[in-house]
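The primary structure of each chain is shown beneath.
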Number of protein chains: 2
Amino acid sequence: MRARRSNSREKILAAAADVARESGPGSLSLDAVASRAGVSKGGLLYNFPTKAKLMQGLVENFLNEFELALEARIAEASHESSLAAYIQLSADDCEKPKPSASWMFSAIAEDPDFLTPIKAFKRQLFKRLKGETDDLGSLLVCFLAIEGLRSMNLFDSDVLSQKEHRLLISSLLEIAG
Amino acid sequence: MRARRSNSREKILAAAADVARESGPGSLSLDAVASRAGVSKGGLLYNFPTKAKLMQGLVENFLNEFELALEARIAEASHESSLAAYIQLSADDCEKPKPSASWMFSAIAEDPDFLTPIKAFKRQLFKRLKGETDDLGSLLVCFLAIEGLRSMNLFDSDVLSQKEHRLLISSLLEIAG
DNA sequence: TTGACAACACCGTCCAGCCGGTACAGTAAA
DNA sequence: TTTACTGTACCGGCTGGACGGTGTTGTCAA
């Protein structure tokens, strides 16, 4: 696609994430997003003809940014494994207490199928990591633990202290080898 | 609290879970739940005066059942640790492909605070497990990995094959010691 | 008689999507 | 250089429908 589009799209996407995070996933209405983005409702509908398209945009944006961040991590620390890079990226993402992806709940409520691209992405990532190790058991443990960490962050659970968070990460990195 | 009450409550709770699973969390309306439960809307509102009360009932029911199942597991295999029991209970819960808790998304959309009891329960469980081990690192890894497993089940992700699922569980049990 | 509903009409609110404008940038002929 | 036309980007009011919740009346078993 062309990226040189108006920056309203990005503003709207960011506004949607903000609204979901601050007012709750159930309050993500087109009016709320439009006013938050400093755009009229008509303007919003111009960029995203339907609410479903907005959700789709949110998902795609999320996936793109995550993929970019992961590739950057892997590239800048080429001496360590992709799994280690994934662990550390996730650790950083989840350390700051921002349930930044509450919009995901809105998307699921709209239609559970919006998760399909995310599931596909995860399958692909897992497959890739499998290709880089011969210790499947350790990979499974690390991959699932990171999944758990992300889940807790998404649900805004503050079960782990910072100290425990760091201990977890170091334990995972040790298991990952 | 009085469990000797009518069985309509249970029927309604089950119906709500069914509707959320089959029609999506966004379609969990009072009308849908009532008709699914074979109850009139008035009857539903007699048992749950408001939608929020219904959600609360869903959460409490879930927590009660989980706690009962966990205590039963721990009691019937008193030679192994509580952590091991928790791992195996979760493994069983997640093995059968039932995204049985989609209602949780509806509850979050309604009001994220509905998660508070669940978060409290998890904190309590984690604290209890901490009291039974001196290897915090291993506990963290196991606890988070189970969290990840439950998350994937909730999101209906089929990333892991059955073989991988079993390997994960055996790896976790080994780590748990 | 009372508790546990059924049946049903009805209200207020919220919200997605539609539609008729508007401002403006390019562009192309005259 | 002016005029006329075209497409883009956006505005904001409106509506039709869904949904949560209320109120009333009726039923039937314990």
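These figures come from a predicted structure and were not determined experimentally.

1. Describing the protein's contact with DNA strand D
Next, step 1: With respect to spatial proximity, 15 residues lie near DNA strand D, and among them A:Ser8, A:Ser40, B:Lys41, B:Thr50 and B:Lys51 are the closest.
Next, step 2: Looking at DNA strand D alone, sugar and phosphate atoms form 56% of those within 4 Å of the protein.
Next, step 3: A:Tyr46 places a polar side-chain atom, nitrogen or oxygen, 2.9 Å from a phosphate oxygen of DNA strand D.
Next, step 4: Within the contact set of DNA strand D, a phosphate oxygen lies 2.7 Å away from a backbone nitrogen or oxygen of B:Lys51.
Next, step 5: For the surface near DNA strand D, the secondary-structure elements that each account for two or more residues are helix H3 (41-47) of chain A together with helix H3 (41-47) of chain B.
Next, step 6: Ranked by residues supplied to the surface near DNA strand D, first place goes to H3(A) with four residues.
Next, step 7: Here the surface near DNA strand D is built from residues that sort into five nonpolar, eight polar and two charged.

2. Considering the relation of the copies chain A and chain B
Next, step 1: When chain A is fitted to chain B, the best match, at an RMSD of 0.1 Å, comes from turning it 180° and sliding it 0.0 Å along the axis. Expressed as an axis order, the relation between the two copies is that of a two-fold axis.
Next, step 2: Here 100% of the contact residues of chain A are again contact residues in chain B; the copies associate through an equivalent surface.

3. Thoughts on the packing of helix H5 (residues 82-95) of chain B against helix H7 (residues 116-130) of chain B
All names here are of chain B.
Next, step 1: Relative to each other, H5 and H7 sit at 135°, their axes nearing to 9 Å. With respect to their mutual orientation, H5 and H7 come out oblique. Contacts between H5 and H7 pair Ser-82, Leu-83 and Tyr-86 from the former with Leu-125, Arg-128 and Leu-129 from the latter.
Next, step 2: Across the contact of H5 with H7, the residue classes tally to four nonpolar, one polar and one charged.

4. A word on the pattern of salt bridges
All names here are of chain A.
Next, step 1: In this structure the tally under the stated criterion is 22 salt bridges over all chains.
Next, step 2: A salt bridge links Asp-92 to Arg-73; the nearest nitrogen and oxygen atoms lie 2.2 Å apart. Placement of Asp-92 in helix H5 (residues 82-95) and of Arg-73 in helix H4 (residues 51-76) is noted, with a sequence separation of 19 residues between them.
Next, step 3: Given the relative accessible area of 21%, Arg-73 is considered partly exposed.

5. Digging into the interface of chain A and chain B
Next, step 1: Counting from both sides, the interface comprises 38 residues of chain A and, opposite them, 38 residues of chain B.
Next, step 2: Carbon and sulfur atoms supply 78% of the area buried between chain A and chain B, which totals about 3,200 Å² over both sides.
Next, step 3: Ranking the residues of chain A by area buried against chain B places A:Leu144, A:Phe155 and A:Val159 at the top, with a combined share of 17%.
Next, step 4: Along the contact surface separating chain A from chain B lie four salt bridges.
Next, step 5: One salt bridge connects B:Arg123 with A:Asp158, and the closest N-O pair in it is separated by 2.8 Å.
Next, step 6: If you tally residues by element for the side of chain A that touches chain B, the top one is helix H8 (residues 136-154) of chain A, at 13 residues.

6. Some points on the environment of A:Leu70
Residue and element names in this part refer to chain A.
Next, step 1: If you trace the backbone, Leu-70 turns up in helix H4.
Next, step 2: In sequence terms Leu-70 and Gln-88 are 18 residues apart; their C-alpha atoms lie 9.7 Å from each other.
Next, step 3: Leu-70 has contacts with Tyr-86, Leu-89 and Leu-125, leaving out every residue within four places of it along the chain.

7. Looking at unusual backbone geometry
Next, step 1: At A:Asp156, a residue that is not glycine, the phi angle is positive and equals roughly 60°.
Next, step 2: Taking the relative accessible area as the measure of exposure, A:Asp156 reaches 40% and is therefore partly exposed.

8. A look at the side chain of B:Asn153
All names here are of chain B.
Next, step 1: Looking at where Asn-153 falls in the secondary structure, it is placed in helix H8 (residues 136-154).
Next, step 2: Owing to a relative accessible area of 17%, Asn-153 belongs among the buried residues under this scheme.
Next, step 3: The contact partners of Asn-153, leaving out residues within four places of it in the chain, are Cys-94, Lys-96, Lys-98 and Pro-99.

About the cut-offs
- Residues numbered from 1 in each chain as written.
- Chains lettered and ligands numbered in written order.
- Predicted model: local features only at pLDDT ≥ 70, side-chain atom pairs only at ≥ 80, totals over all residues.
- Heavy atoms only, no water.
- Near = heavy atom within 4 Å.
- Polar contact = N/O pair within 3.5 Å; in protein donor to acceptor, adjacent residues only side chain to side chain.
- Helix = DSSP H or I, 4+ residues; strand = E, 2+ residues; numbered from the N terminus.
- Nonpolar A, V, L, I, M, F, W, Y, C, P; charged D, E, K, R; others polar.
- Least-squares fit on C-alpha atoms with pLDDT ≥ 70 in both.
- Contact = heavy atoms within 4.5 Å.
- Axes fitted to C-alpha atoms, helices over the stretch in contact; angles between N-to-C directions.
- Parallel < 35°, antiparallel > 145°, perpendicular 65-115°, else oblique.
- Salt bridge = Lys/Arg side-chain N within 4 Å of Asp/Glu carboxyl O.
- Buried < 20%, exposed > 50% of the residue type's maximum accessible area, 1.4 Å probe, protein only.
- Buried area = accessible area lost by both parts, 1.4 Å probe.

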